[in-house]
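Chains, contacts and geometry: an overview
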Amino acid sequence: MDTLLLARLQFATTASVHFLFVAVTLGLVTLLVGMQTAWVVTGNHRWERMTRFWGQLYVINYVLGIATGIVMEFQFGLNWSGLSRYVGNVFGAPLAIETLVAFFLESTFLGMWIFGWHRLRRGVHLALLYGVAITAYASAFWIMVANSWLQNPVGYEVRDGVAHLTDFSALLTNPTLWTALGHVVSAALLTGGLLVAAISAWHLHRRTPDFALFRSSLRIGVVTAALAITLVQGFGFAQFAPVGGAQPTKFGATSPHAEELVAEWTARFGPGDYLPPVLSSFGLGFMILIGFALGLLWLFVPLLWRDWIIRLRFPLWLLMLALPLPFVALILGWIAREVGRQPWVAYGLLPVDQAVSPISPWLMGTSLIGFTLLLGTLAVTNWVLLARHAARGAADPALGRPPAQPPADDARPEPAFA
Amino acid sequence: MELAWHALLGLFFAGYLVLGGYDYGVGLLLARGADASRRRAALNAVGPFFLGNEVWLVASAGILFGAFPVLEGELLAGSYPAVLTALAGVILVTAGVQLRSRPESMRARTTWDRVIVVGSLLAALGWGVVLAGLLQGVPLHADGHVAGVTHLFTPFAAAAGLAVLALTVAHGATFLTLRLPAVEGDRLRPLARRLLRTALVAVGAAVLVGVFSDRVRAAAQRPMVGVLLAVLLVVALLTAWVALGRRRPGVAFAATSAALALPVLLVGATLWPYVLVSTVEPHASLTVTDAAASAPTLRLLGWLAVPLLPALLGFQAMCWWIFRGRIDGRAPVYW
C-alpha cells in the first residue's frame, strides 16, 4: 500500500459520506423554508408542526454534515500538502470564502434557530432559517467554484512552479461550474423531496395519526422530487458539452483532441497513464440509468388527484423503495466527476502524486482506518436516529418544544432545573 | 497586508480556543458523575452558542488555506498525529453534544456523554500539542517539507497539552458559574476555583519546561515577549481565581477567556517574523511573508473581508445578546 492510494481512498470515503449528508441538508432546508414561511404567513398550526417534524430530521442530519465537512477541510492540508503548496494561491481563495461567507454564518444562524423557538419574534425566527438556507446555497456555490477549478484550472499563471491568481472572474465563469452547480443543487432537491415523500408514504401506509400532515408532506415531496429530477436530467446532459471541451480525457475518450493532450502531457510530465480508470465511466453509466428511472416520478403527480396515490397503496410502496436511488446516484455522480479527473488533482496542471503529503504509509493508513471507522460509525448511528425519529411521527419533536411542556419522549423526564 | 492576515488568523484561532474551549471544558466536566439532569443542564447552558463556537475553527482553517497556503500544508502535515487527535476530538464532541438527547434511554445518553468527555479531552490535548509544536520548531528542510512526526513527542509538548487541557476545564467551570441558575452556579464555585489552581500549576509547569527546553529557546525569536505573555497568562488565571472568590463570575470568565486566547498570541508574537522555525536548517525557516499567499489572492480576500468581518462578528454578537444571562427553567432545552 502506498501513501498516495491511501490518501485517495481516504478522500473518496470522506467526500462520499459528506455528500450523502449535505445533499439532504440542502434539499430539506429548501422545503423547510417553504413550510415555515407558510406557517408565519397563514398562522396555520399544521405548518408549524410540519416545520418542527421535518426540522428535527434536518437538524439530526446536519450533525454529520458538519463532522465530515470539518474532516474534509483539514484533509487538504493533512494529506494533500502539495495541493496548497502549488495551487493554494488560487484554489485556497474560494475555500476560504466558503468557510467565512457560508459555513461560519450557517452554523451561527442554525444555533439561534434551534434555540430561538418561543423566544424570538416569528419574523426574526423565520429570517434565521432564510439565513441558514441562503448560506447553505452559498456554501454549495463556493465549493463548486473550488471543485470546478480543479476540474478545469483557469484564471492563473505559473511562476516558479507555483500557480498565482490572475483573474478571479474566470473562476466564476468556469465552463465546468454552472451546469455542474445546477446539477448538484437539483440532485439535492431531488434527494430532499424524495426523502420527505418516502417518510410520509411510510406513515400513510401504516395509517399512523396525523393523516393531514403527512398527506401535505407527501404532496410537497412528490412535486418537488418530480420537478427536481427534470432539472437533474437537464443539467446533467447539458454538462456533456462543456466537460467534453474542458476535459477531453474524462471518459477515456480517444478523440484526436484527447490523444493530442496525452501526447503533450507525456512530453511535459514524462510518460505515464493519463487516462482515468474505467470506474468513472461505470459511475456515469449507472447514474444515467438511475436518472432515467427516477424520471418516472412524474407518473406519481397525476395520482395526487383525489389522493389516488394514497388510496392505491402501491405508489406508497414504490416511493419507499425508491428512496435509496438518489443516494446511490449521488455517489456514482461524484465517482464520474472525480475519478474521471485522474491522474490529476488540478487537471493538466498538478498530478496527484505531486500533491500528496510526504507522510509514511503507516501513518496515512492509521488515519484512513481511524477516520473511516469513526465517521462510518457516526453515519450509521445518525441514520438509525433519523429513522427512529422519522418513525416516531410528528406528535412531539424535541425541536421547538415549548419550554414549559414536559418532554413526552423521555423515558424519565429530566427537567433542567425547572 | 500579510501582517493583517496573520493577525486575523490569530484572532479566529484564539476565538476558537476561547469559545470552543468552554464547550470542551463543559464537556470534560460531564465526567464528574453529576446526575442526568445536571449534565443536561450544563450542555444546554452552552446550548445556542455551541454551533456558533466550533465554526471559529472552520474559519481559522479557511483563512489558513486561503491566506497562508504553504503554512497550511506544512503545519497540518507536519503535526499529523496532533492534528489527527484534535480533529477526532472535535468530531466526537460535535456529534456527541448534538445527538446525545435524541435517543430516549438514559443509558444511551450516558454513553454519549462519555463520548463527549473523550472528545473534549482529545481536542484540548491535540490543539495544545499543535501550539507547542509551533513554539518548539519543526524539522523543516530546504525542500520546504517537514520531515517525520517524532519531533512532536517532547516533554514540552506534553506539558503544553496538559496546560491547555487544564485551562479548558477551568474555563468551562467558570463559564458554568456565570451561565447556570444562580444557586447552581454558586454550587460550582469552589470546584471552579480548585480547577483554576490546577490550571495555574499546569501552566507554570509548561512555562518552566519551555524555558529550559533548548528547542524552544532556539526557536523563540523574541523570548522576552514570550515570557511577558506567559506572566500575563498567570496573572489572568489569578484574576479569575480572585474574582470567583468575590462572586464576580463575569470578571472571572473574562479573565479565563483571556487565558485561553493568550497562548495563541504568545506563539505568534514569540516566533515573529517567522511562522515555522526550522530546527534543522536555519535558512529553511518560514517567515509570515513567505508563507502568505501571493498579492492578488490577499487583495481579493482583503476586499472581501472588509464588509464580511463586521457581519460575521455582528451575527455572533447577536447570538450572544439574544441568549445572554443565566439560563432558567424557561430556556429551550434541546441538546
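Description of the structure in this document.

1. Observations regarding the overall build of chain B
- Per the secondary structure count, chain B includes 13 helices and two strands.
- If you line up chain B on its principal axes, its C-alpha atoms span 60 × 45 × 35 Å.
- Taking all 335 residues of chain B together, the buried fraction comes to 61%.
- Nonlocal contacts in chain B, meaning residues at least 24 apart in sequence, comprise 79% of its contacts between residues at least 6 apart.

2. Notes on the overall build of chain A
- Within chain A, the regular secondary structure consists of 15 helices and four strands.
- For 418 residues, the compact-globule estimate of 2.2 N^0.38 gives 22 Å, and the C-alpha radius of gyration of chain A, at 23 Å, lies within 12% of that figure.
- With the C-alpha coordinates aligned to their principal axes, the bounding extent of chain A is approximately 70 × 50 × 40 Å.
- Relative to its 418 residues, chain A shows a buried fraction of 53%.

3. Concerning the pairing of strand E2 (residues 162-165) of chain A
Residues and elements named next belong to chain A.
- A one-sided burial pattern is seen for E2, the buried positions being Ala163 and Leu165 and the unburied ones Val162 and His164.
- Relative to E2, strand E1 (residues 156-159) runs antiparallel, the two sharing four bridges. Looking at the pairing, Glu157 lines up with His164 of E2.
- Connecting E1 to the next strand, E2, in antiparallel fashion are two residues, including Asp160 with a positive phi near 50°.

4. Observations regarding the environment of A:Ala398
All names here are of chain A.
- Within the element layout of this structure, Ala398 appears in the segment after helix H15 (361-392).
- Judged by local crowding, Ala398 falls into the buried class, with 20 C-beta atoms found within 10 Å.
- Distance from Ala398 to Arg52, taken between C-alpha atoms, is 8.3 Å for residues 346 residues apart in sequence.

5. Here we look at unusual backbone geometry
All names here are of chain A.
- Cis geometry is found at the peptide bond from Gln342 to Pro343, where omega equals 0°.
- Assignment of secondary structure puts Pro343 in the loop between helix H13 (324-339) and strand E3 (344-346).
- Look at Asp210: it is not a glycine, yet its phi comes out positive at around 75°.
- By the element assignment, Asp210 lies in the loop between helix H6 (178-206) and helix H7 (211-238).
- Unlike most non-glycine residues, Asp307 shows phi in positive territory, near 60°.

6. Thoughts on the interface of chain A and chain B
- Contact residues are listed per partner, giving 66 residues for chain A and 69 residues for chain B.
- Secondary structure elements with two or more residues in the side of chain A that touches chain B: helix H2 (45-79), helix H3 (81-115), E2 and H15 of chain A.
- Top element by residues in the side of chain A that touches chain B is H3(A). It accounts for 25 residues.
- Its residues assigned to classes, the side of chain A that touches chain B shows 40 nonpolar, 18 polar and eight charged.

7. A short note on the packing of helix H10 (residues 223-245) of chain B against helix H11 (residues 249-271) of chain B
All names here are of chain B.
- Between H10 and H11, the shortest axis-to-axis distance is 8 Å and the interhelical angle comes to 170°. Compared by their axis directions, H10 and H11 come out roughly antiparallel. Contacts between H10 and H11 involve Val225, Gly226, Leu229, Ala230, Leu232, Leu233, Ala236, Leu237, Thr239, Ala240, Ala243 and Leu244 on the former and, on the latter, Pro249, Val251, Ala252, Ala255, Thr256, Ala258, Ala259, Leu262, Leu265, Leu266, Ala269 and Thr270.
- By residue class, the composition of the contact of H10 with H11 is 20 nonpolar, four polar and no charged.

8. Quick look at the packing of H15(A) against helix H5 (residues 80-99) of chain B
- Orientation of H15(A) relative to H5(B), taken along the N-to-C sense of each, is 5°, at an axis distance of 12 Å. Overall, the two elements H15(A) and H5(B) adopt an arrangement that is roughly parallel. For the pair H15(A) and H5(B), contact is made by A:Leu363, A:Ser367, A:Gly370, A:Leu374, A:Leu378 and A:Leu385 and by B:Tyr80, B:Leu84, B:Ala88, B:Ile91, B:Ala95 and B:Leu99, respectively.
- For the contact of H15(A) with H5(B), a count of residues per class yields 10 nonpolar, two polar and no charged.

The rules behind each value
Residues numbered from 1 in each chain as written. Chains lettered and ligands numbered in written order. Predicted model: local features only at pLDDT ≥ 70, side-chain atom pairs only at ≥ 80, totals over all residues. Helix = DSSP H or I, 4+ residues; strand = E, 2+ residues; numbered from the N terminus. Buried ≥ 20, exposed ≤ 12 C-beta atoms within 10 Å, placed from the backbone. Contact = placed C-beta atoms within 7 Å. Rg over C-alpha atoms; globule rule 2.2 N^0.38 Å. Pairing = 2+ DSSP bridges. Nonpolar A, V, L, I, M, F, W, Y, C, P; charged D, E, K, R; others polar. Axes fitted to C-alpha atoms, helices over the stretch in contact; angles between N-to-C directions. Parallel < 35°, antiparallel > 145°, perpendicular 65-115°, else oblique.

By themselves these figures say nothing about function.
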